[in-house]
Amino acid sequence: MEQRAGGESDLGRRRRTLPADPVLALQVSAVQELGDVPVSGFLEVQSTVVDVEEGDAAHRARREQGGQAWKAVWKARPPAPIVCVECRHPMYAKTSERGLRFFAHAPHAPDCEIARQGESEAHHLLKLELASAARKAGAHAESEVRAPDGSWRADVLASDPAGTWRMALEAQLSPITAAEIVERTERMDAHDVTCCWFSDRPRPPWLGAVPSVRLAAAEGGIAVAEGLVKFAGSAWEPAPQVPVADFLRWVFTCQVFPHLPRVRLRYPQRQLAQVWTALQYIAAEDAYLWREEERQRQAAEQRARFKEKAARRRADIDQRNAASRRAALGRAASAEADARRANLGPAGARFHDQLMRRPGVEQAVAHLAGSTTSP
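Engineer: Which parts of the structure should I look at to understand the pattern of salt bridges?
Structural biologist: Side-chain pairs of opposite charge can arise whenever the charged atoms involved come near each other. Within this structure, the stated rule accounts for 15 salt bridges. Among the salt bridges present, the one from E144 reaches R153, with a minimum N-O distance of 2.9 Å. Its salt-bridge partner being R201, residue D200 comes within 2.9 Å of it at the nearest N-O pair. One continuous salt-bridge network, built from bridges that share partners, spans K127, E144 and R153.

Shown next as structure tokens:
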């Protein structure tokens, strides 16, 4: 680097004179723009490809010219002399599959503090996508915002320009348990910061444990693919995929809310304990549950009426059967007595009559007749 008077290098002078909103020297946690280009990492330009001393007016002018700074470094031959100020390793301009512009370390980078932060390229790109979508939705968005007491750190903190609300947009790609993600959400909630978690993994196990959605690649960017639902008829169904910016606009303007569904999800993926939906669909679920409760009450009353009617009919049948059996037994007993008297002769008939007139015989016969006819 060129040395200036007093032994101070041109790099040192540039560091010292960087504005409050630097263009090419910033933390990985920050998200700035270089001619509409998100920049990450500590970057230095070792030539005049981009002059970091230009003022805000010059920066705006460069942006109005269509991002000439990006054209100067994107696929430049020879490569633009951009290095990491931490490890001095070359960095180069890249474009993601979704068209997002960023800078990354060249291969074989040494161990440096920025690399040790453990943030994958995919995670960093998702944060940039979320920050960009939040701004498109009309919110102010900052990256890597920590709590005053250090108890949490938001990947992207979106807020109302008037300062009436704050929401953390969390990009979660690495494995985490549902208990851990709930605990982190509660820490933010204790500081009046609501939270929504995002992942583009196929089946994040924590999806639905907290306000969350699953993302998928779509034409023109990324879209909400799971977690946004609507109530149709008698069950919840997935809503059509919507761009993240539209989803966040609905969230910021209170058009959709987290909801604990009380009816099963008619869902191709899985059942979710918590979903995002609009108020009219919550009202539709309430109306369906009321109708279902009323239907079940009426069905229970009808079953009770049928059961009572059947019991009365059974009692009437049993009563008629008992009377019929008693009459039949009486006729049989009388016929048997007549037959015995005829066969025994006069003396036998008198002896039989004497036996039948013994005390208690009639009561015993009546008792036996009653026992025989009982159901």
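Engineer: Honestly, the packing of aromatic side chains in this entry has me stumped. Any pointers?
Structural biologist: Two measures describe an aromatic ring pair: the distance that separates the ring centres and the angle between the ring planes. Per the stated rule, a full pass over the model turns up 6 aromatic pairs. When the centroid spacing of 5.7 Å and the interplanar angle of 50 degrees are considered together, the rings of F231 and Y288 count as tilted. Placement of the pair is F231 in strand β13 (residues 229-232) and Y288 in helix α8 (residues 279-356), with a sequence separation of 57 residues. Here F247 and W276 contribute two aromatic rings whose centre-to-centre distance is 5.5 Å and whose plane-to-plane angle is 85 degrees, an arrangement assigned as edge-to-face. On the criterion of sequence distance, the pair formed by F247 in helix α7 (residues 244-252) and W276 in strand β17 (residues 275-277) is long-range, its members being 29 residues apart. When sorted by exposure, F247 lands in the same class as W276, which is buried. Members of the aromatic cluster, joined through ring pairs, are F198, F247 and W276.

Engineer: Could you clarify how one ought to interpret the packing of helix α5 (residues 121-136) against α7 in this entry?
Structural biologist: What describes two packed helices is the angle between their axes and the distance between those same axes. The contact between α5 and α7 brings their axes to 8 Å, and the two run at 55 degrees. Judged by the inter-axis angle, α5 sits oblique to α7. For the pair α5 and α7, the crossing hand works out as right-handed. Facing L130, A133, A134 and K136 of α5, the residues of α7 in contact are V244, A245, L248, R249 and F252.

Engineer: How should helix α6 (residues 178-189) be read in this particular structure?
Structural biologist: Owing to its 3.6 residues per turn, the α-helix aligns residues three or four sequence positions apart on the same side. With 12 residues, α6 should cover 16 Å at 1.5 Å per step; its first-to-last C-alpha distance of 16 Å lies within 8% of that length. Inspection of α6 places I181, T185 and M188 among the buried residues, and these make up the whole buried set. What you see down the axis of α6 is that its buried residues fit within an arc of 60 degrees, all on one side. Residues A179 and E186 are exposed on α6 and point more than 90 degrees away from its buried face. Buried positions along α6 lie against β8 (153-159), β9 (166-171) and β10 (194-199).

Engineer: Which parts of the structure should I look at to understand the nonpolar core?
Structural biologist: When a protein is soluble and globular, its nonpolar side chains tend to lie buried together. Residues L169, F198, F247, L248, F252 and W276 are the most contacted members of the largest nonpolar core, which totals 31 residues. Going through the elements one at a time, α5, β8, β9, β10, β11 (212-218), β12 (221-226) and α7 are the ones with two or more residues in this core. Counting residues per element, this core draws most heavily on α7, which supplies 6 residues. Not counting chain neighbours up to four residues away, the residues in contact with L169 comprise L130, A134, D155, V156, A158, C196, F198 and L248.

Engineer: Explanation requested: the sheet that holds β11 in the structure shown.
Structural biologist: Adjacent strands of a sheet pair through backbone hydrogen bonds, lying either parallel or antiparallel. Pairing is mixed in the open sheet, where 7 strands are placed in the order β7-β8-β9-β10-β11-β12-β15. Single-partner strands in this sheet number two, and they are β7 (140-146) and β15 (242-243). With 5 bridges joining them, β11 and β12 adopt antiparallel strand pairing. Opposite L215, over in β12, you have V224 as the bridge partner.

Definitions and cut-offs
Residues numbered from 1 in each chain as written. Predicted model: local features only at pLDDT ≥ 70, side-chain atom pairs only at ≥ 80, totals over all residues. Heavy atoms only, no water. Salt bridge = Lys/Arg side-chain N within 4 Å of Asp/Glu carboxyl O. Phe/Tyr/Trp six-rings, centres within 6.5 Å; stacked < 30°, edge-to-face > 60°. Helix = DSSP H or I, 4+ residues; strand = E, 2+ residues; numbered from the N terminus. Buried < 20%, exposed > 50% of the residue type's maximum accessible area, 1.4 Å probe, protein only. Axes fitted to C-alpha atoms, helices over the stretch in contact; angles between N-to-C directions. Parallel < 35°, antiparallel > 145°, perpendicular 65-115°, else oblique. Left-handed = near helix turned anticlockwise from the far one by under 90°. Contact = heavy atoms within 4.5 Å. Expected span 1.5 Å × (residues − 1). Arc of directions from axis to C-beta. Core = buried A, V, L, I, M, F, W, Y, C linked by side-chain atoms within 4.5 Å. Pairing = 2+ DSSP bridges.

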